[in-house]
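Architecture at a glance
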Amino acid sequence: MLTPNLTVSSEGHLCIGGADTVSLARTYGTPLYVMDENMIRENCRGYARVIAEEYGGRGLICYASKALSCKELYRIVDSEGLGADVISGGEIYTALQAGMPAEKLVMHGNSKSNAELQMAVSNDIGRIVCDNLPELRRLDQIAGEAGKIVNIMLRIKPGIDAHTHDFVKTGQIDSKFGFAIETGEAMQAVQAVGLCKNLRLVGLHCHIGSQILDTEPFAEAARVMIGFMNQIRDALLITLPELNLGGGPGIRYTEEDDPKPFGEIVRAILSALKNVCAELDYPEPFVLFEPGRSIVGGAGLTLYTVMAKKVIPAVRTYVLTDGGMCDNPRYALYRSRYEALIANKADQPRSENVTIGGKCCESGDLIGEDMPLQAAEEDDILAVLATGAYNYSMASNYNRNPRAEIVMVKDGVARTVVKRETYADIIRNDI
Ligand SMILES: *Cc1c(COP(=O)(O)O)cnc(C)c1O
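The paragraphs below set out a description of the structure included in this document. (Residues numbered from 1 in each chain as written. Predicted model: local features only at pLDDT ≥ 70, side-chain atom pairs only at ≥ 80, totals over all residues. Heavy atoms only, no water.)

**Topic: the sheet that holds strand 3 (residues 19–20)**
The condition that has to hold: At least two DSSP bridges between two strands are needed for those strands to be called paired. For helices the rule is a DSSP run of H or I covering at least 4 residues; for strands it is a run of E covering at least 2, with both sets numbered from the N terminus onward.
Strand order in the open sheet formed by three strands is 1-2-3, and the pairing between neighbours is antiparallel. Of all the strands in the sheet, the pair left with one neighbour each is strand 1 (6–8) and strand 3.

**Observations concerning empty space enclosed by the protein**
Worth spelling out the cut-off: Using a 1 Å grid laid over the protein atoms alone, points where a 1.4 Å probe fits but cannot get out form a cavity; open sets with protein on both sides within 12 Å along at least 5 of 7 lines form a pocket; any residue with an atom within 4 Å of a point counts as lining. Grid points are joined across faces, edges and corners, and a volume is the space filled by probe spheres set on the points. Side-chain classes are defined by residue name, with Ala, Val, Leu, Ile, Met, Phe, Trp, Tyr, Cys and Pro counting as nonpolar, Asp, Glu, Lys and Arg as charged, and the others, Gly among them, as polar.
This model, assessed by the stated rule, comprises five cavities of 30 Å³ or more. Volume-wise, the largest cavity comes out at about 50 Å³. Forming the boundary of the largest cavity are Tyr47, Phe218, Leu245, Gly246, Gly247, Pro249, Val266, Ile269, Phe289 and Pro291. Of the residues contributing to the lining of the largest cavity, the split by class is eight nonpolar, two polar and no charged.

**Section: the packing of aromatic side chains**
Our working rule: Pairing of aromatic side chains here covers Phe, Tyr and the six-membered ring of Trp, requires ring centres within 6.5 Å, and sorts the geometry by plane angle: under 30 degrees stacked, over 60 edge-to-face, intermediate tilted. Partly exposed describes any residue whose relative accessible area lies between the buried limit of under 20% and the exposed limit of over 50%, with all areas from a 1.4 Å probe on protein chains only and scaled to the type maximum. Comment: the charge-over-ring label is applied if NZ (Lys) or CZ (Arg) is within 6 Å of the ring centre and within 35 degrees of the ring normal.
According to the stated counting rule, one finds three aromatic pairs in the structure shown. Ring plane angle 85° and centroid distance 5.8 Å describe the contact between Tyr33 and Tyr392, whose orientation is recorded as edge-to-face. Here the residue Tyr33 occupies a position in strand 4 (residues 32–36), and Tyr392 occupies one in the loop between strand 19 (381–385) and strand 20 (405–410), the gap between them amounting to 359 residues. Note on accessibility: Tyr33 and Tyr392 belong to one class, buried. Relative to Phe262, the ring of Tyr47 has its centre 4.0 Å away and its plane inclined at 5°; by these criteria the two rings are stacked. Here Tyr47, found in helix 2 (residues 37–55), pairs with Phe262, found in helix 9 (residues 262–280); they are 215 residues apart in sequence, far enough to count as distant. Accessibility assignment for this pair places Tyr47 and Phe262 in one class, buried. Sitting over the ring of Tyr55, Arg58 keeps its end group 4.1 Å from the ring centre.

**Quick look at the site of the ligand**
Worth spelling out the cut-off: The criterion for a residue being near a molecule or strand is simple. One of its heavy atoms has to lie within 4 Å of it. The term polar contact refers here to a pair of N or O atoms within 3.5 Å; inside protein, the definition further demands a hydrogen-donor-capable atom paired with an acceptor-capable atom, and it admits residues adjacent in sequence only when both atoms are side-chain atoms. All accessible areas in this document rest on Shrake-Rupley with a 1.4 Å probe, and a residue is counted as covered only by the protein chains that are shown.
Around the ligand, a shell composed of 15 residues is seen, among which Lys66, Ser210, Glu290, Arg293 and Tyr390 lie nearest. With respect to the ligand, the side chain of Lys66 contributes an N or O atom lying 2.7 Å from an oxygen atom. Calculation on the ligand without its partners gives an accessible area of 390 Å², and the protein chains cover 96% of this total. When its residues are assigned to classes, the shell around the ligand shows three nonpolar, seven polar and five charged.

**A word on the layout of surface pockets**
What the largest pocket holds in volume is close to 750 Å³. Lining the largest pocket are 32 residues, with Lys66, Ile87, Glu91, Tyr390 and Met394 positioned closest to its centre. Among the elements of the structure, helix 4 (89–97), helix 10 (293–296) and helix 11 (330–334) are those that each provide at least two residues to the lining of the largest pocket. Among the elements that line the lining of the largest pocket, the one with the most residues is helix 4, at three residues. Of the residues belonging to the lining of the largest pocket, the class tally is ten nonpolar, 14 polar and eight charged. The volume enclosed by the second largest pocket comes to roughly 360 Å³. Taken together, 17 residues line the second largest pocket, and the ones lying closest to its centre are Met39, Asn43, Ile251, Arg252 and Phe262. Where the lining of the second largest pocket is concerned, the elements lending two or more residues are helix 2, helix 9 and helix 10.

**Points about the packing of helix 4 against helix 5 (residues 114–122)**
Any two packed helices are characterised by the angle at which their axes cross and by the distance between the axes. Note the threshold: Here, axes are lines fitted to C-alpha atoms. For helices the fit covers the stretch in contact, and angles between N-to-C directions go from 0 to 180 degrees. Angular relationships are summarised with four words: roughly parallel below 35 degrees, roughly antiparallel beyond 145, roughly perpendicular across 65 to 115, and oblique for the angles in between. Two helices that cross are described as forming a left-handed crossing if the nearer one is turned anticlockwise from the farther one by less than a right angle, and a right-handed crossing if clockwise. Whether two residues are in contact is decided by their heavy atoms, any of which lying within 4.5 Å being enough.
At a minimum axis distance of 9 Å, the contact between helix 4 and helix 5 shows a crossing angle of 25°. Considered as vectors, helix 4 and helix 5 are oriented roughly parallel to each other. The handedness of the crossing between helix 4 and helix 5 is left-handed. Residues Gly89, Ile92 and Tyr93 of helix 4 form the contact with helix 5, whose participating residues are Glu116, Met119 and Ala120. Here the residues of the contact of helix 4 with helix 5 are counted per class, giving four nonpolar, one polar and one charged.

**Notes on the pattern of salt bridges**
Rule in force here: Within this document, salt bridges are pairs made up of a side-chain nitrogen of Lys or Arg and a carboxyl oxygen of Asp or Glu, the two lying within 4 Å of each other.
Scanning all chains against the criterion turns up 24 salt bridges. For Glu339, the salt bridge identified is with Arg350, shortest N-O distance 2.8 Å. Pair noted here: Glu339 is in the loop between helix 11 and strand 16 (340–342) and Arg350 is in the loop between strand 16 and strand 17 (352–357), with a separation of eleven residues, a long-range link. On the accessibility criterion, Arg350 (26% relative accessible area) is partly exposed. One network of salt bridges, with partners in common, ties together Glu37, Arg41, Arg45, Glu72, Arg75, Glu80 and Arg415.

**A word on the environment of Tyr63**
Along the polypeptide, Tyr63 turns up in strand 5 (residues 59–64). The buried category is assigned to Tyr63, whose relative accessible area is 1%. Residues contacting Tyr63, with those up to four places away along its chain left out, are Leu68, Leu73, Val77, Leu82, Gly83, Ala84, Asp85, Pro291, Gly292, Ile295 and Val296. A polar atom in the side chain of Tyr63 sits 2.8 Å from the backbone oxygen of Leu68.

**Structural notes on helix 4**
Defined as follows: Note that the arc is computed from the directions linking the helix axis to the C-beta atoms.
Within the span of helix 4, buried status applies to Gly89, Glu91, Ile92 and Ala95. Along the axis of helix 4, the buried positions cluster into a sector of 165°, meaning they face one direction only. In this structure, the buried residues of helix 4 make contact with helix 3 (71–79), strand 6 (83–86), strand 7 (105–107) and helix 5. Of the residues one or two after helix 4, Gly99 is the one with positive phi, at around 95°.

Honestly, that's just the spatial picture; any functional story needs more than this.
In structure tokens:
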């Protein structure tokens, strides 16, 4: 099995976190997202443990909400002592409504609106990561009008190739995010903050990309960032106390994937960071990490009902479900690979090779191609694994499909944490 929380019952049913997925599909309907709370909590603790063991606890893990944002998830990560990375007014609103402390929120975005900046300032969000000079000027003015001094970080492009999909690479010079070191604009931005009376620069941020499988790009980013902080100290006599190294550790989507466990990645980063600080005689900064996918991705799966199977001789076999790109657009966006199995035949071999199609009016509405699967029949329950990250959060109402429900399983017991949308929800804003 892909993750240790998946088991097969004596009836041959797939179970997650001790709950039978076939009965979950019957009780809650499909499509259905199922999340395993214990695994989410273990992942939160795993991150915190490495910071405690390797770095004396001088850091904060901020869960990257964009992977999956809903009130219950904020409550869970908050109860584990994590902060959160928020990227929009909607994520700030959800986090605050769930009771997350504002000082543990880090706000991102490369095109924040004035309304979003005002919302962040008036709610005293702990750190705002500034992306560009116009934003710095607008934020300085908004902070001044509110009579506040706002803690900011600068988003830096360290110039690292993260060896991942082009759409999720963010650390290289050709990226819409942040200030590049190599062109001098990052140093100019640090100087520009010095002229902003209402902003306090507490540190730097970088995020080199997502679904990164190896330690080296992260360790290299840490070395580059400390090197740049050292240049700032030399040039401007400023020693920045914080470094935020973003998210990005990859997860296992298929049986062939072999990502380095996030614990090993964080260990390697902290070790590189301590070494370069010692070399440069730079004080070790307070660190922030922003993992999203590696906290929730492997903790979730999606259940569908098989509506039909279409065998096109000598071409391919389609297994058609009651969901698709409206609940999981990742294959359409990035050709992302997943493992799937028939939840009510989980003890049988995956003897067929199929294309899983959705219900949307698009030929590109696929969950995957060339996927091994048990012989599927109408009314079977199909499980697509490792869908906890970037599925619900990227879901849409395309074709006016209501967004699916999320249930959280804990020790075999399920509860709804996001209700299924209704048709009334679909027309709520229509005039
Ligand atoms: C997307 C993102 C993250 C989370 O990335 P994961 O790969 O899900 O860990 C963290 N920080 C920033 C700024 C991001 O944009």
